[in-house]
Amino acid sequence: MTEKKLFEEKQYLGYNKYALVRQLVLSIFCFTAYHYTEQSLGDLFFLIGMSILVISVILLFILHIHTSVYENSLILDGLWTAKKVKIDLNSIVSVEKTPYSKYILNNPVYNVHSKGIIRFYTGGHNEAVKLTDRDGLVYLIGSQKADILFNIVDGIVSSKSKTSNN
């Protein structure tokens, strides 16, 4: 039997503000240099600027994180070579909605262990769901639909804790 999927979210690399700003600044620099340089070197700057814009558009269609919540687990599936991460919701002791970080621009990360926190983030809103399991592992999952993800996971965890307390 297959479990019922309660939540699904796909986050794409092209929607990361940090990368988008960096790419646009580089392309603006290239087009400005194209305008003020000689013909042969200017053509190279124009080509590089157009290449950066094309790559930026392609990144809008590249899936970075696919988040799925089932009745007993939360599955985070990453890029092509990334290992799938399955979090058992039976072992989660606390769920809270928090800001992902204090910074406006954040790099996209997948399964990055830093300062005792396992981070997952692509871009968009600066909202995240923080999960803590029995072993003390903390998962920080950035989401564009953090409210919905929080409500579903919190509902599952609280119903499981009520069942185990009885």
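These remarks concern the structure in this document. Just so you know, these numbers come straight off a predicted model, no measurement behind them.

Conventions and cut-offs
- Residues numbered from 1 in each chain as written.
- Predicted model: local features only at pLDDT ≥ 70, side-chain atom pairs only at ≥ 80, totals over all residues.
- Heavy atoms only, no water.
- Salt bridge = Lys/Arg side-chain N within 4 Å of Asp/Glu carboxyl O.
- Helix = DSSP H or I, 4+ residues; strand = E, 2+ residues; numbered from the N terminus.
- Axes fitted to C-alpha atoms, helices over the stretch in contact; angles between N-to-C directions.
- Parallel < 35°, antiparallel > 145°, perpendicular 65-115°, else oblique.
- Left-handed = near helix turned anticlockwise from the far one by under 90°.
- Contact = heavy atoms within 4.5 Å.
- Nonpolar A, V, L, I, M, F, W, Y, C, P; charged D, E, K, R; others polar.
- Core = buried A, V, L, I, M, F, W, Y, C linked by side-chain atoms within 4.5 Å.
- Buried < 20%, exposed > 50% of the residue type's maximum accessible area, 1.4 Å probe, protein only.

Under the criterion given, the structure shown has three salt bridges. A salt bridge links K5 to E8, with the shortest nitrogen-to-oxygen separation between them at 3.3 Å. With its nearest N and O atoms 3.7 Å apart, the salt bridge here joins E127 to K97. Of this pair, E127 sits in strand β8 (residues 127-133) while K97 sits in strand β5 (residues 92-99); the two residues are 30 residues apart in sequence, bridging distant segments of the chain. One salt-bridge network, in which partners are shared between bridges, spans K97, E127 and D147.

Right, let's get into the packing of helix α1 (residues 17-36) against helix α2 (residues 39-59). The axes of two packed helices give the description: the angle between them and the distance between them. For the pair α1 and α2, the least separation of the axes is 7 Å and the interaxial angle reads 160°. With respect to their mutual orientation, α1 and α2 come out roughly antiparallel. By crossing handedness, the relation of α1 to α2 is classed as left-handed. In this structure, α1 uses Q23, L24, L26, S27, F29, C30, F31, A33 and Y34 to contact α2, whose residues at the interface are G42, D43, F45, F46, I48, G49, M50, I52, L53, S56 and L59. Partitioning the contact of α1 with α2 into residue classes produces 14 nonpolar, five polar and one charged.

What follows deals with the nonpolar core. One finds L74, L76, I87, F120, L131 and V153 to be the most contacted residues of the largest nonpolar core, which totals 22 residues. Of all elements in the fold, only β2 (63-69), β3 (73-77), β4 (85-88), β5, β7 (117-121), β8, β9 (138-142) and α3 (146-165) reach the threshold of two or more residues within this core. If one sorts the elements of this core by residue count, α3 sits on top with five residues. Counting five residues, the second largest nonpolar core, distinct from the first, contains Y100, Y121, A128 and L140.

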